[in-house]
2 protein chains.
Amino acid sequence: MNSAELDQWTNYWLAVVEQALSSWISPQAPAGLGEAMRYAVLDGGKRLRPLLVLAAREAVAHGTKDDVLDEAALRAACAVELIHAYSLVHDDMPCMDNDLLRRGKLTVHAQFGEAQALLAGDALQALAFEFLTPDASTIPDTVQARLCRLLATSAGHAGMAGGQAIDLASVGMALSEDQLRQMHRLKTGALLEGSVMMGAACGNASPQALSGLKRYGEALGLAFQVVDDILDVIADSATLGKTAGKDAANDKPTYVSLLGLGKAKSYVQFLLQEALEALHSTGLTHTHTLAALAERVANRNT
Amino acid sequence: MNSAELDQWTNYWLAVVEQALSSWISPQAPAGLGEAMRYAVLDGGKRLRPLLVLAAREAVAHGTKDDVLDEAALRAACAVELIHAYSLVHDDMPCMDNDLLRRGKLTVHAQFGEAQALLAGDALQALAFEFLTPDASTIPDTVQARLCRLLATSAGHAGMAGGQAIDLASVGMALSEDQLRQMHRLKTGALLEGSVMMGAACGNASPQALSGLKRYGEALGLAFQVVDDILDVIADSATLGKTAGKDAANDKPTYVSLLGLGKAKSYVQFLLQEALEALHSTGLTHTHTLAALAERVANRNT
């Protein structure tokens, strides 16, 4: 799949995801909460996690046609984006990173106040699990339960939240490469890997395919973070849509501070190879979108 | 069921719930996160929500024996308590109620810092859904999915989080009785009612039984809140284990400020009657524990 084909695929699905998010996050939630929730999620972000869910569903579903599992995958794609969005809302708050700019606009607490930001984040996490368990739905209960399990595990203490706790504790500390990898594996990697596995859960993947997809998700998750560390050094705030140079300013350990810029860049290419090999090992024939997404992650400049 | 019998029932289940919570909330979560999560949940609280789950399971399961659904109910009981605990952690934070005392000890942010409190709350919410979807479990997927749906709905924008947003927006405002009821129906009532419905989901209740249990949960939830408002006025901080007189100090609308103390007390007894009538309407024969719990809620003094 070349870059133009990926753009076409991406644009199609971004529109579908945006439409679904907009119609499923009700503006009706009381006392301005719905407005804050929508502000946190809509009109912004690269939507990498939803795209991974949908590309993984495509890989495991090729040759089958199942509208119900397509709907499950779309719900999973939106649910995982809600978790990502809530984590950004909380992460930006004064007691955490204290950031005023995100995706080129004011952060949620800067716009709506800290208390509303806290609640909006909490409500978005709950809503993610509502997305996965729609009332009177035809999505098989097995799939609903598996999706909830994957999302909860990726988001919780052994995943994203745990990684954020390590991040918090590590400011100003010298970490080894192993410790840094462990932090990122949880903080960013768990939800990216979880996205791939949730897409795979919306189909009948063999154990071999699941194991390869897991390796792919892991390598891609780490690559994403190393690139993030690189961009924090070489890009400017306008391009990033968020404050650049933040890691160094906060004395945070990064792949760049640990390996140097040159080696960090080679490491990204190494991880990309690993992700592509892992796809090959799945035995699945339609992994070209997943492959193209990995290449885009490794070579992104925003 | 008399008071001594309820004590016996309660003591038995409190020990079971405490043991389960302690073994299921791992102290291993990284960078002190596990410690903060355990501190937020263990050794404290009346555990009313878990007891409601278990009493509702008892009511719908009478005459059947099913270890798997018993396990589901225990998991649901613990999950709902995690949601309650996380909401207290976030609610106590400086940007919300800014409270330093809870259950007679320092609040989580006072003990571990604001950032760790924020993360611990977030991780507890995710863990609740992990409790409901154990890996390789024999709990039917239908039950797992239904429990996730009930919990997410009770906790989210149309439940607890929505109620907190109304609460936040209503400080210093004159609310009508309808508006006050709506706020409490969401803020406290939704999760109490959800507890009853989650217990009922661990069995085969008829639509008639479900509808009666729902009415029971609604009345009990409201009674709980009216009593809370009364106790905030008449009890002292030492008895409550939290700061008394807070509502008036914060100029919050309450049932006492709206109805006066005497009418608020009669309203509690009215709601208790409503809860007991609703139980009668279920057609279930073993609702005596639910009835005794409602009486205890209405007549509690802490």
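To be clear, the structure that these remarks concern was listed above.
Residues numbered from 1 in each chain as written. Chains lettered and ligands numbered in written order. Predicted model: local features only at pLDDT ≥ 70, side-chain atom pairs only at ≥ 80, totals over all residues.

Okay, the overall build of chain A next. In terms of regular secondary structure, chain A is built from 15 helices and two strands. Relative to the globule expectation of 19 Å for 302 residues, the C-alpha radius of gyration of chain A, 18 Å, shows essentially globular dimensions. C-alpha atoms of chain A, sized along the principal axes, occupy 50 × 50 × 35 Å. Evaluated residue by residue, chain A yields a buried proportion of 55% over its 302 residues. Across chain A, every contact between residues at least 6 apart in sequence was considered, and the portion connecting residues at least 24 apart equals 74%. (Helix = DSSP H or I, 4+ residues; strand = E, 2+ residues; numbered from the N terminus. Rg over C-alpha atoms; globule rule 2.2 N^0.38 Å. Buried ≥ 20, exposed ≤ 12 C-beta atoms within 10 Å, placed from the backbone. Contact = placed C-beta atoms within 7 Å.)

As a further point, take helix α8 (residues 160-170) of chain A. Residue and element names in this part refer to chain A. Counting buried positions over the 11 residues of α8 gives eight, a clear majority of the element. Listed as buried for α8 are Met160, Ala161, Gly162, Gly163, Gln164, Ala165, Ile166 and Asp167. Where α8 ends, the next residue or the one after it, Gly172, has phi of about 80 degrees, a positive value.

Time to look at the interface of chain B and chain A. Taken together, the contact pairs 44 residues of chain B with 44 residues of chain A. Secondary-structure elements contributing two or more residues to the side of chain B that touches chain A are α2 (33-41), α6 (114-132), α7 (141-155) and α8 (160-170) of chain B. Broken down by element, the residue count for the side of chain B that touches chain A peaks at 12 residues, all from α6(B). Partitioning the side of chain B that touches chain A into residue classes produces 25 nonpolar, 13 polar and six charged. (Nonpolar A, V, L, I, M, F, W, Y, C, P; charged D, E, K, R; others polar.)

Once chain B has been moved 0.0 Å along the axis and rotated by 180 degrees, it coincides with chain A to within an RMSD of 0.0 Å. Here the copies are linked by what is in effect a two-fold axis. The share of interface residues of chain B whose copies in chain A are also at the interface is 100%, consistent with both copies meeting through the same surface. (Least-squares fit on C-alpha atoms with pLDDT ≥ 70 in both.)

Residues and elements named next belong to chain A. Between helix α2 (residues 33-41) and helix α6 (residues 114-132), the least distance of the axes is 9 Å, while the angle of their chain directions is 75 degrees. Between α2 and α6, the angle is such that the two are roughly perpendicular. Contacts from Leu33, Ala36, Met37, Ala40 and Val41 in α2 reach Gln116, Ala117, Leu119, Ala120, Ala123 and Leu124 in α6. Of the residues contributing to the contact of α2 with α6, the split by class is 10 nonpolar, one polar and no charged. (Axes fitted to C-alpha atoms, helices over the stretch in contact; angles between N-to-C directions. Parallel < 35°, antiparallel > 145°, perpendicular 65-115°, else oblique.)

The biggest cluster of nonpolar side chains holds 213 residues, and the ones touching the most others in it are A:Leu151, A:Ala223, B:Leu151 and B:Ala223. Among all residues touching A:Ala223, those that are not within four sequence positions of it are A:Val268, A:Leu271, A:Leu272, A:Ala275, A:Val297 and A:Ala298. (Core = buried A, V, L, I, M, F, W, Y, C linked by C-beta atoms within 7 Å.)

Before going further, it helps to examine helix α9 (residues 177-201) of chain A. The largest bend in α9(A) is about 55 degrees, located at A:Gly189. By the criterion of burial, α9(A) is predominantly enclosed, with 20 of the 25 residues buried. (Bend = angle between axes of the 7 residues up to and from the residue.)

This part is about the packing of α8(A) against α6(B). For the pair α8(A) and α6(B), interaxial distance at closest approach is 9 Å and the crossing angle is 165 degrees. When the interaxial angle is binned, α8(A) and α6(B) end up roughly antiparallel. In this structure, the crossing between α8(A) and α6(B) has a hand that is left-handed. Across from A:Ala161, A:Gln164, A:Ala165 and A:Leu168 in α8(A), the residues of α6(B) making contact are B:Ala115, B:Gln116, B:Leu119, B:Asp122, B:Ala123 and B:Ala126. Grouping the constituent residues of the contact of α8(A) with α6(B) by class yields seven nonpolar, two polar and one charged. (Left-handed = near helix turned anticlockwise from the far one by under 90°.)

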